Amino acid sequence: MTKTQVRQYQQDLMQLETELMEFLGLSSKASEAVELDQARMGRVSRGDAMQQQAMVSAAHQRDEKRLIAVRKALKRIESDDFGWCLECGEDINVKRLDVAPETELCLECQSIQEQGQPL
Ligand SMILES: [Zn+2]
């Protein structure tokens, strides 16, 4: 991977970090969005509101995990470890990185992990 490519991923990751922080309410912009949501919630039934809340919290957890992964990826860029699978040390396909620059594993290791097989 070239330095230019790494720099591009670094920019993507920094952008992602900002977006995720906004989603998670870690920036001042996000608290405005939450207030808007609450105003909208006033018009839905209590059951709907609770369901919505559950969905929001599931999304929240997913975003939190992603933010951690994004920050780890940024650290890997700083230490020149970006773009390699954390399990087997092979290059991660750039197509995977284009979709999700915080990707830590190559396709093979990822599918093994998703199947829950011992590594
Ligand atoms: Zn691997």
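About the cut-offs
For every chain, the first residue of the written sequence is number 1, and numbering continues from 1 onward in sequence order. Per-residue local features of the predicted model are confined to residues with pLDDT of at least 70, and side-chain atom pairs are confined, for both listing and counting, to 80 or more; whole-chain, interface and lining totals are unaffected and use all residues. Only runs of H or I of at least four residues qualify as helices and only runs of E of at least two qualify as strands under DSSP, and these elements are numbered from the N terminus. We call two residues in contact if the C-beta atoms placed from their backbones are at most 7 Å apart. By definition, a nonpolar core groups buried Ala, Val, Leu, Ile, Met, Phe, Trp, Tyr and Cys residues that are joined through C-beta atoms within 7 Å. For the exposure call, what matters is how many other C-beta atoms sit within 10 Å of a residue's own: 20 or more marks it buried, 12 or fewer exposed, and in between partly exposed, using C-beta atoms placed from the backbone. Lines fitted to C-alpha atoms define the axes, with helix axes restricted to the stretch in contact, and inter-axis angles between N-to-C directions lie between 0 and 180 degrees. In what follows, roughly perpendicular refers to angles from 65 to 115 degrees, roughly parallel to angles under 35, roughly antiparallel to angles over 145, and oblique to any angle outside these ranges. Helix crossings are classified by the rotation of the near helix relative to the far one: an anticlockwise turn of less than a right angle makes the crossing left-handed, while a clockwise turn makes it right-handed. One less than the number of residues in a helix, times 1.5 Å, gives the span that helix is expected to have. Here the arc refers to the set of directions running from the helix axis out to each C-beta atom.

Student: Any chance you could explain the overall build of the protein chain here in plain terms?
Tutor: For the protein chain, the helix and strand inventory stands at 5 helices and 0 strands. For the protein chain, the share of sequence-separated contacts (at least 6 apart) that also reach a separation of at least 24 residues comes to 51%.

Student: Honestly, the nonpolar core in this entry has me stumped. Any pointers?
Tutor: Most often, soluble globular proteins have nonpolar side chains that are buried together. Membership of the largest hydrophobic core is limited to 10 residues, which are Y9, L13, L16, L20, V70, A73, F82, I92, L97 and C106. For this core, the secondary structure elements donating two or more residues are α1 (3-23) and α3 (46-78). Tallying contributions element by element places α1 first for this core, with 4 residues. When neighbours within four sequence positions are excluded, I92 is seen to be in contact with G83, W84, C85, L97, T103 and C106.

Student: Is there a simple way to think about the packing of α1 against α3 in this case?
Tutor: Two quantities define a packed helix pair, namely the angle between the axes and the distance from one axis to the other. α3 packs onto α1 with a crossing angle of 150 degrees between their chain directions and a minimal axis gap of 9 Å. As far as their axial angle goes, α3 and α1 are roughly antiparallel. Seen along the crossing, α1 lies across α3 with a hand that is left-handed. Here V6, Y9, Q10, L13, M14, L16, E17, L20, M21 and F23 of α1 come into contact with α3, specifically with D63, R66, L67, V70, R71, A73, L74 and I77.

Student: Sorry if this is basic, but what is going on with unusual backbone geometry here?
Tutor: For residues besides glycine, phi is generally negative; the peptide bonds are generally trans as well. With phi around 65 degrees, D80 is a residue other than glycine that occupies positive phi space. With respect to the secondary-structure elements, D80 resides in the loop between α3 and α4 (94-99).

Student: How should α1 be read in this particular structure?
Tutor: At 3.6 residues per turn, the α-helix brings residues three or four places apart onto the same side. Helix length check: α1, at 21 residues, gives a terminal C-alpha distance of 30 Å against a target of 30 Å (1.5 Å per residue), a fit within 8%. When we look at burial in α1, the residues that qualify are Y9, L13, L16 and L20. Across the axial projection of α1, the buried residues extend over an arc of 65 degrees, all falling on one side. The outward face of α1, more than 90 degrees from its buried face, is lined by the exposed residues K3, T4, R7, Q11 and Q15. Elements that come into contact with the buried residues of α1 comprise α3 and α4. Positive phi appears at G25, one or two residues downstream of α1, with a value of about 75 degrees.

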